[in-house]
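Overview (structure and organization)
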Amino acid sequence: MIRKNDLSEVLFAFVIIAFGLFLVYSGIDLSIGKMSRIGPGFLPLCLGVIITVLGIGILFERQEKHLDIPPNIRGLALITLAIGAFAALVETTGLFPATAALVILTALANHERIRPLTLLGTIIGLCVVGYLLFVAALQLPFKPISPDLISWFTGTS
């Protein structure tokens, strides 16, 4: 059942749905290919379907009482900084230090205190998953730790 929405929420949902349908439409004429060798139409078609389904989900979202919660500017700033730090550090310091910076800055955005052991486990887990996915499976040219960073720590040139 469609919930009672503000007009702005309904318009936002329709914009998301329209964008998803546009992506589906733009990917229909392109070759999808096979899973072992995907074609140029695969990404727009899949993203379009996902975005369209999410837009429809916005229309059917459960109604909750709108509490007067002030916006979390600190959280927004730290999440934005975390993404920017990861993008800036991944090539210069390596995948592992960039992932650590991302996790630490994201944890600081949370109002609740996160235990150091949980934070360390999250960093290690995401480093392992990131390495397996990006370096081992997709063969992207990411170094786990930059040789320049290692030489900087050891004091060798």
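Residues numbered from 1 in each chain as written. Predicted model: local features only at pLDDT ≥ 70, side-chain atom pairs only at ≥ 80, totals over all residues. Heavy atoms only, no water.

Regarding its fold elements, the protein chain presents six helices and zero strands. Secondary structure elements of the protein chain occur, N-terminal to C-terminal, as α-α-α-α-α-α. When burial is assessed residue by residue, the protein chain has 25% of its 157 residues classed as buried. Intrachain contacts of the protein chain at a sequence separation of at least 6 include 62% that bridge at least 24 residues. Surface accessibility of the protein chain: about 11900 Å² in total, with carbon and sulfur atoms responsible for 72%. (Helix = DSSP H or I, 4+ residues; strand = E, 2+ residues; numbered from the N terminus. Buried < 20%, exposed > 50% of the residue type's maximum accessible area, 1.4 Å probe, protein only. Contact = heavy atoms within 4.5 Å. Areas by Shrake-Rupley, 256 points an atom, 1.4 Å probe, with all protein chains shown as cover.)

Our next topic: a nonpolar patch on the surface. The grouping of Leu117, Leu120, Ile124, Val128, Tyr131 and Leu132 at the surface amounts to a nonpolar patch, some 580 Å² of accessible area in total. Its location among the elements puts Leu120 in helix H5 (residues 116–137). Assessed through its relative accessible area of 45%, Leu120 is described here as partly exposed. (Patch = residues over 30% accessible without salt bridge, like charges linked within 9 Å, V, L, I, M, F, W, Y side chains within 5 Å. Salt bridge = Lys/Arg side-chain N within 4 Å of Asp/Glu carboxyl O.)

Turning next to the confidence of the model for the protein chain. Mean pLDDT for the protein chain: 83, with 90% of residues reaching 70 or above. Ranking the elements of the protein chain by mean pLDDT puts helix H6 (residues 147–154) last, at 73, and helix H4 (residues 95–109) first, at 93. (pLDDT = per-residue confidence, 0-100.)

The subject of this paragraph is the environment of Val15. The topology assignment puts Val15 in helix H1 (residues 7–28). Residue classification places Val15 among the exposed residues on the basis of a relative accessible area of 55%. Linking Val15 and Thr52, residues 37 residues apart in sequence, is a C-alpha distance of 9.7 Å.

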